[in-house]
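# Report on the structure
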Amino acid sequence: MTKLTVTERQIGLIICLVVAAIGLAMAAAGRGEPFGVQGFTVLLLALALSGFIIARWDAPPPDRSLLEHYYDDPTKVGIVLTMFWAVIAMFVGVWVAALLAWPELTFDAAWASFGRLRPVHTSGVIFGFGGNALIATSFHVLQRTSRARLPDQLSPWFVLIGYNLFCIVAASGYLLGITQSKEYAEPEWYADLWLVIVWIVYFLIFVRTLARRKEPHIYVANWYYMAFILVVAILHIVNNLAVPISFGSAKSYSAFSGVQDAMTQWWYGHNAVAFFLTSGFLGMMYYYLPKRAGRPIFSYPLSLISFWGITFMYMWAGSHHLHYTALPQWVQTLGMTFSLVLLVPSWASAGNALATLNGAWHKVRDDATLRFMMVAAVFYGLSTFEGSFMAIRAVNSLSHYTDWTIGHVHGGALGWVAMITFGSIYALVQWMWKRPAIYSPKLVEVHFWLALSGTIVYVFSMWNSGIIQGLMWRTYNENGTLAYSFLDTVEAMHPYYVARTFGGLLFLLGAIVGTYNVLMTIRQARLERGVEAGGEVDLPLGRPAAQPGE
Amino acid sequence: MDVGRRDPVTGRTTTGHEWNGIEELNTPVPKVVLFFLAIGALFCLGYWLLMPAWPLGSTYTKGLLGNDQRRIVDQEVATAKAQRAAWLDKIQALDFAAIKSDPVLMQDVTKAGHVLFSDNCAACHGIKATGGPGFPDLTAKSWLWGGEPEKIAETIGIGINSTNDDTRVSQMLAFGRDGILDRQKITDVVTYVRSLSMPDAGSVESIEAGREVFAGNCVACHGKDAKGMHEQGAPDLTDSHWIYGGTLQDVYSTVYSGRQGHMPNWNARLTPAEIKLLALYVGQLGQAK
Amino acid sequence: MADLHRKLERSAIRFMLAIIAVASIGGLVEIAPLFTIGSTVEAAPDMRVYTPLEVAGRNIYMREGCYACHSQMIRSLRDEVERYGPYSLAVESKYDHPMLWGSKRTGPDLARIGEKYSDAWQVAHLNNPRDVVPQSIMPAYRWLLRTPLKTDDLGRHLAALRTVGVPYTDEMVANAPIDAYGQSAPDDDKARGVTERYGKATHVRAFDGNPGELTEMDALVAYLQILGGLTDAARKTDQTALGE
Ligand code: HEM
Ligand code: HEM
Ligand SMILES: [Ca+2]
Ligand SMILES: [Ca+2]
Ligand SMILES: [Cu+2]
């Protein structure tokens, strides 16, 4: 904060006050309704932030020498926010998992029912946990690989805080009953619009930093981060087109309906997976894994194939969510075929990551942080294989609507997304707070085993329940009638729901241990401030790199 | 091509670029990757030729196989129907007594009946058909509309107080709410009715007073002996089975506010043979008890 | 090829344009033709729109996240057709903004739940599923019975739906709150307008069992009871002949 220039403080305050005014208007328009509560939330957060700025108004302006260093404060805050969302959202995950095993484990209150909590979990993990991790790491990676400082000090804060405001408005909205019901795009029109603004600024940070880069070439990690930012913007804008019933109400109606809406939604939904949960995290992997392993990327040509393969083919695959539905069959064919070929660039990425570890396998053995990243690459390979398999119409006729999908999701989400994030964060925390090591490498080890066993328990129980459920639904007696009623399958799922809750609990415990470890590392750094004990060796800013052969 | 440093571990050269210490090797794309890309592309081409695949303005390529998921399932369902016809047609054709005396056929009834019942009826009547508050116990043999399988099948088909035009219609009047009886009279008749199946339901005076109220108001439907009348769908009040509960409070509410249970008609959702099969299944449940 | 890329990766703007170009193709090819190919949405002349009460119920269905556990899309597979009824047609969700096809079946498909059970059962089940289905893991929605339905802005809901393509008439928009009330009060004068505007087959009943009070339960049950009932198209025997 004290690093902000006076102009930046002024603009920051103005933005806060504008947002506060919007919050006030919303609160007034939606008096006595959930929309009003959303307005109040916005108002309070904006006022609190204004107060924060005003309290530091008189701090001396920063000195110019600051510009010779990378700007990492937003990344630091982003790391803490990432861990915070991880714990909250996974706690809700365990809760909804428990609700399916013990439906009475709730209150007689609307906000506490499964249907409202579930999107809190999904948005919380994907956008809260995943999104903050992507923003925090992308700022870090962008600067190092461009050898350029972020273009200014205000816009990264705007992105980080604005984005978290979006997450808070979204999650609290679900509890209040505000939702568009589109999976992974549930927030209503005003939150959607706000995210567009935040995203444009995020995009501009990338463009402006890259424009000032000292490296002639753009590094692969940034290709992925750029694809993530750009494509998510396209998906978000198209899928969320809607007409509000008035500007004073939360409710809107989607521009699309029926079959066109279904295709648009799953074009979005599938590519939210592709560009949010895959591209973005591949960007993360492309920096932290080689860096931590101290090895060069295995193959640049392979990076090329996987990047463009993924970017092109993923966008066709969404219709595999709609096999055998009222969506015309020709679209299903395209979705299935592209999903199958998609496996090649996907495994190329996973293979590229694993082969990068050649020459560093001893480190994988000893260093749980690197092991997190290694296992993440393995799970990435597994879940993309599984995904391509499930995209086959015949397989999907069994797996769709069942817990198999949930198992696939969490193989990807826990095994790939969460593990690569934890690995990267452990590496990053140490560099950001300039520590020779994390507070407790032992606890990283504990976290690793909790996470791995939790994932395995979760995924295996869902595979079991999903396949059993799918088979029971279509089992026939020899006289040609259905052998099981729907209720039979509900009862058969119970043991698996209990097991899943347990697996999730292990994973959550791991995340809590990790958060503690991160916070203690930060605390240690504070206590021993001035003792610059180590950390990442950054090449200096500004000096153009010599590029042999050019 | 850039020629960078040679990596001692793999013996490959790097691309010559470096980003904050990260380098890339120039390892060529492994052959398997290209191989599988080619296989994948070939598969796609073949699949697109055979299946409906590409949009063309206002139509799409139908594929050489003429594959259509809707026609396929229509055919599958028809084939399955034909397969089931082997025994389902018998159920359709034979009368109830004949089916009941055929143990092989009755096995099919039980198997098919269980799932049909669980998916359609269990929501109200319970998975064991023992009913619940507001929904009659079908194993109790205390039939509202008659327990002959023909009657049961008819009930299932047209429903009770349902939206079907031919529905069975029944109604327990709201004696209290509509001001037909005062509170005292209702209390008395409730005591009387309860005393029919519970010895210590209340004082003798109340029971006697209730008997008179009953004779004046209820016999038209429930009959002189209170054993119910199948023509009205009025239940037997002398057995210990209650649709709406037998506590003082429950029976009082029944008489005060009336009742009109709604059993959906199934002739729009199930075939006549399935309904017949369910009637047999339901009848059998009572026997098993 | 690699050399070309070497050039591309030296320009952020060109790289980004390349990403946008490459990523746009799939969506364009798969989504745009769904608006131009006539057979995508079958013809169904008897298709009617949701009444205001049903719209309100649909919004409650979304608000409570029922779609997280229930699909409304019977796939063209034998077991689904035999368990749930005729497979869903595109036209059946033509007025669904957004569609609620769902992606998970923790509970059964609801595409044809309309009129399968009685109103009283739906009310009892929503109030606490385990009262009627002891094995159920569905949440209890007790607050629906005690929360009055908000109807004053239903006209604006219908108007917004008309903007996105649902053929509501001016009269329907103007009478939305009255019709919502009328549909759940069969003996009230207001009930007549509902059948006039939405057709004789519209369910006009005291859905929650209490005609005097319009609750959220009324709306949700009204919506559930019309599922699969907006058009008869899917029940016509030769489904494939439709729209082709
Ligand atoms: C503590 C660990 C977690 C637990 C116990 C958990 C539990 C659950 C449960 C119970 C559901 C609902 C499944 C259903 O409706 O049947 C769910 C859905 C979901 N979770 Fe998690 N979860 C966890 C972590 C995560 C993480 C880390 C992510 C993503 C990064 C994630 C992403 C999702 C997604 C995308 C869905 C929706 C799946 C779908 O609709 O198909 N979860 N989770
Ligand atoms: C080659 C890559 C992949 C393919 C082809 C693929 C394919 C699929 C398929 C076929 C489904 C089931 C759709 C259904 O039946 O409803 C699915 C669901 C899902 N996948 Fe993947 N998958 C891939 C990779 C991943 C990865 C890496 C993740 C990371 C987390 C992921 C997350 C999800 C989620 C969240 C869903 C649930 C969507 C929903 O129904 O809500 N997928 N995927
Ligand atoms: Ca949205
Ligand atoms: Ca889903
Ligand atoms: Cu997908």
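On a predicted model such as this, the values are computed, not experimentally measured, just so you know. (Residues numbered from 1 in each chain as written. Chains lettered and ligands numbered in written order. Predicted model: local features only at pLDDT ≥ 70, side-chain atom pairs only at ≥ 80, totals over all residues. Heavy atoms only, no water.)

### Remarks on the domain arrangement of chain A
As a measure of interface size, the accessible area lost when the parts come together is often cited. Residues and elements named next belong to chain A. Domain assignment breaks chain A into domain 1 (1-60) and domain 2 (74-527). With centres defined by C-alpha atoms, the gap from domain 1 to domain 2 works out at 30 Å. Between domain 1 and domain 2, the residue contacts involve 19 residues of the former and 19 residues of the latter. Taken together, both faces of the contact between domain 1 and domain 2 bury some 1500 Å²; the carbon and sulfur share is 74%. (Domains from an automatic or database assignment. Contact = heavy atoms within 4.5 Å. Buried area = accessible area lost by both parts, 1.4 Å probe.)

### A closer look at the packing of helix H4 (residues 52-63) of chain C against helix H9 (residues 154-163) of chain C
Residues and elements named next belong to chain C. Contact geometry of H4 with H9 gives a least axis separation of 10 Å together with a crossing angle of 85 degrees. Classed by the angle they form, the pair H4 and H9 counts as roughly perpendicular. Across from Pro52, Val55, Ala56 and Asn59 in H4, the residues of H9 making contact are Leu154, His157, Leu158 and Leu161. (Axes fitted to C-alpha atoms, helices over the stretch in contact; angles between N-to-C directions. Helix = DSSP H or I, 4+ residues; strand = E, 2+ residues; numbered from the N terminus. Parallel < 35°, antiparallel > 145°, perpendicular 65-115°, else oblique.)

### Quick look at the interface of chain A and chain C
Across the boundary between the two partners, chain A contributes 94 residues, which contact 84 residues of chain C. Taking both sides of the interface into account, the surface hidden between chain A and chain C amounts to around 7900 Å²; carbon and sulfur atoms contribute 65%. Of all residues in chain A, Tyr253, Trp308 and Tyr401 of chain A give up the largest surface area on contact with chain C, accounting jointly for 11% of the area buried on that side. Connecting chain A to chain C are five salt bridges. Salt-bridge contacts for arginine 130 of chain C lead to glutamate 104 of chain A; the nearest nitrogen and oxygen are separated by 2.8 Å. Top element by residues in the side of chain A that touches chain C is helix H8 (residues 258-293) of chain A. It accounts for 10 residues. (Salt bridge = Lys/Arg side-chain N within 4 Å of Asp/Glu carboxyl O.)

### Side note on helix H14 (residues 403-432) of chain A
All names here are of chain A. The largest bend in H14 is about 30 degrees, located at alanine 418. Most of H14 is tucked away: 26 of the 30 residues are buried. For H14, the N-terminal capping position is held by threonine 402, with its side-chain oxygen 3.0 Å away from the main-chain nitrogen of tryptophan 404. Looking at the residues trailing H14, positive phi occurs at lysine 434, about 50 degrees. (Bend = angle between axes of the 7 residues up to and from the residue. Buried < 20%, exposed > 50% of the residue type's maximum accessible area, 1.4 Å probe, protein only. Polar contact = N/O pair within 3.5 Å; in protein donor to acceptor, adjacent residues only side chain to side chain.)

### Some details on the coordination of the calcium ion (ligand 4)
Binding of the calcium ion (ligand 4) to the protein goes through Glu183 of chain A (OE), Glu183 of chain A (OE) and Ser103 of chain C (OG), at separations of 2.2 to 3.0 Å. Note that glutamate 183 of chain A is positioned in the loop between helix H5 (155-176) and helix H6 (189-211) and serine 103 of chain C in the loop between helix H5 (78-84) and helix H6 (119-127), a pairing that runs across two chains. What makes serine 103 of chain C buried here is its relative accessible area of 16%. (Donors = N, O, S within 2.8 Å, 3.2 Å for Na, K, Ca; no water.)

### Brief notes about the site of ligand 2
What surrounds ligand 2 is a group of 26 residues, the closest being Glu183, Tyr184, Asn396, His400 and His408 of chain A. One chain alone does not account for the residues near ligand 2; they come from chains A and C. Histidine 408 of chain A places a polar side-chain atom, nitrogen or oxygen, 2.9 Å from a nitrogen atom of ligand 2. Going through the elements one at a time, H8, helix H10 (329-356), helix H12 (368-390) and H14 of chain A are the ones with two or more residues in the shell around ligand 2. Grouping the amino acids of the shell around ligand 2 by side-chain chemistry returns 10 nonpolar, 15 polar and one charged. (Near = heavy atom within 4 Å. Nonpolar A, V, L, I, M, F, W, Y, C, P; charged D, E, K, R; others polar.)

### Section: the pattern of salt bridges
Per the stated rule, a full pass over the model turns up 41 salt bridges over all chains. The closest approach of N and O atoms between aspartate 152 of chain A and arginine 208 of chain A, which form a salt bridge, is 3.4 Å. You can see aspartate 152 of chain A sitting in the loop between helix H4 (114-146) and H5 and its partner arginine 208 of chain A sitting in helix H6, a full 56 residues away along the chain. We classify aspartate 152 of chain A as buried; its relative accessible area is 17%. Where arginine 205 of chain C meets glutamate 115 of chain C, a salt bridge forms, and the shortest distance between an N and an O atom there is 2.9 Å. In this pair, arginine 205 of chain C is assigned in the loop between helix H12 (190-198) and helix H13 (216-226) and glutamate 115 of chain C in the loop between H5 and H6, connecting sequence segments 90 residues apart. A residue is classified by how much of its surface remains accessible, and glutamate 115 of chain C, at 24% relative accessible area, is partly exposed. Each of Glu33 of chain A together with Lys150, Asp152 and Asp153 of chain C takes part in salt bridges that share partners, so that together they form one network.

### Some remarks on the domain arrangement of chain B
Considered domain by domain, chain B is made up of domain 1 (14-60), domain 2 (72-160 + 264-283) and domain 3 (183-257). For domain 1 of chain B and domain 2 of chain B, the distance between their C-alpha centres works out to 55 Å.

### Some words on the side chain of serine 155 of chain A
Residue and element names in this part refer to chain A. You can see serine 155 is positioned in helix H5. The buried category is assigned to serine 155, whose relative accessible area is 8%. Separated by 2.4 Å, the side chains of serine 155 and aspartate 152 make a polar contact.

### A few points about the environment of glutamate 386 of chain A
Residue and element names in this part refer to chain A. With respect to the helices, strands and loops of the structure, glutamate 386 is situated in helix H12. On a C-alpha basis, the gap between glutamate 386 and asparagine 477 in space is 30 Å, while along the polypeptide they are 91 residues apart. Sequence-distant contacts of glutamate 386, that is, excluding residues within four places in its chain, are made with Trp404, His408 and Trp463.

### Looking at helix H10 (residues 248-257) of chain B
Residues and elements named next belong to chain B. Residues of H10 that are buried: Val251, Tyr252, Thr254 and Val255. Projected onto a plane normal to the axis of H10, the buried residues spread over an arc of 160 degrees and lie on a single side. Taken together, the buried residues of H10 touch helix H7 (183-195). Note on H10: the residue one or two positions beyond its end, glycine 258, has a positive phi of about 75 degrees. (Arc of directions from axis to C-beta.)

### Overview of the site of ligand 1
Contacts to ligand 1 come from 26 residues, most closely from Arg118, His121, Glu183, His410 and Ala413 of chain A. Among the chains of the assembly, those with residues near ligand 1 are chains A and C. Within the side chain of histidine 121 of chain A, a nitrogen or oxygen atom sits 2.7 Å from a nitrogen atom of ligand 1. At 3.2 Å from an oxygen atom of ligand 1 is found a side-chain nitrogen or oxygen belonging to tyrosine 184 of chain A. Secondary-structure elements contributing two or more residues to the shell around ligand 1 are helix H3 (73-101), H4, H14 and helix H16 (486-527) of chain A. The leading source of residues in the shell around ligand 1 is H14 of chain A, at eight residues.

### Digging into the coordination of the iron atom of ligand 2
Residues and elements named next belong to chain A. A lone protein donor contacts the iron atom of ligand 2, and this donor is His408 (NE2), found at 2.1 Å. Between the iron atom of ligand 2 and the copper ion (ligand 5), the interatomic distance is 4.4 Å. The topology assignment puts histidine 408 in helix H14.

### A word on the environment of lysine 214 of chain A
Its location among the elements puts lysine 214 of chain A in the loop between H6 and helix H7 (220-239). It is 5.9 Å that separates the C-alpha atoms of lysine 214 of chain A and serine 146 of chain A, two residues lying 68 residues apart in sequence.

### Some points on the packing of H4 of chain C against H13 of chain C
Pairs of packed helices are described in terms of their axes, by the angle between the two and the distance that separates them. Residues and elements named next belong to chain C. Viewed as axis vectors pointing N to C, H4 and H13 meet at an angle of 95 degrees, and their least axial separation amounts to 7 Å. The angle between H4 and H13 falls in the class roughly perpendicular. Note on element contacts: H13 touches H4 through Glu216, Asp218, Ala219, Leu220, Ala222, Tyr223, Leu224 and Ile226, opposite Leu53, Glu54, Ala56, Gly57, Arg58, Ile60, Tyr61 and Arg63. Residues belonging to the contact of H4 with H13 are distributed by class as follows: 10 nonpolar, one polar and five charged.

### Comments concerning the nonpolar core
In this structure, Tyr163, Phe276, Trp416 and Phe422 of chain A together with Tyr168 of chain C are the most contacted members of the largest nonpolar core, which totals 299 residues. Here this core takes 20 residues from H8 of chain A, the largest share from any one element. When sequence neighbours within four positions are dropped, the list of residues in contact with phenylalanine 276 of chain A reads Ile126, Phe127, Gly130, Gly131, Leu134, Tyr163, Trp199, Phe228, Val232, Asn271 and Phe281 of chain A. Ranked by size, the runner-up nonpolar core spans 16 residues in total, among them Ile186, Val193, Cys218 and Tyr252 of chain B. (Core = buried A, V, L, I, M, F, W, Y, C linked by side-chain atoms within 4.5 Å.)

### A short note on the confidence of the model for chain B
Residues and elements named next belong to chain B. For chain B, the mean per-residue pLDDT works out to 93, and 98% of the residues sit at or above 70. Across chain B, element-level confidence peaks in helix H1 (residues 31-50) with a mean pLDDT of 98 and bottoms out in helix H11 (residues 272-288) with 86. Scored as a whole, the predicted complex attains pTM 0.96, and scored at its interfaces, ipTM 0.95. (pLDDT = per-residue confidence, 0-100.)

### Quick notes on the packing of aromatic side chains
With the rule as written, the count across this model stands at 61 aromatic pairs over all chains. For the ring pair phenylalanine 129 of chain A and phenylalanine 422 of chain A, a centre distance of 5.6 Å and an interplane angle of 40 degrees mean the geometry is tilted. In this pair, phenylalanine 129 of chain A sits in helix H4 while phenylalanine 422 of chain A sits in helix H14, placing the two residues 293 residues apart along the sequence. Comparing phenylalanine 129 of chain A with phenylalanine 422 of chain A shows no difference in burial state: the two are buried. By the ring-pair criterion, three or more aromatic residues cluster together here, those being Phe127, Phe139, Tyr163, Phe166, Trp199, Tyr202, Phe206, Tyr225, Phe228 and Phe276 of chain A. Its guanidinium or amino end placed over the ring of tyrosine 60 of chain B, lysine 62 of chain B lies 4.5 Å from that ring's centre, counting from NZ or CZ. Note that arginine 78 of chain C overlies the ring of tyrosine 476 of chain A, its terminal NZ or CZ placed 3.7 Å from the centroid. (Phe/Tyr/Trp six-rings, centres within 6.5 Å; stacked < 30°, edge-to-face > 60°. Lys NZ or Arg CZ within 6 Å of the ring centre and 35° of its normal.)

### Topic: the confidence of the model for chain A
Mean pLDDT over chain A works out to 95, with 96% of the residues at or above the 70 mark. Scored below 50 in pLDDT, residues 544-550 of chain A shows 17 contacts in the model against residues more than four places distant or in partner chains.

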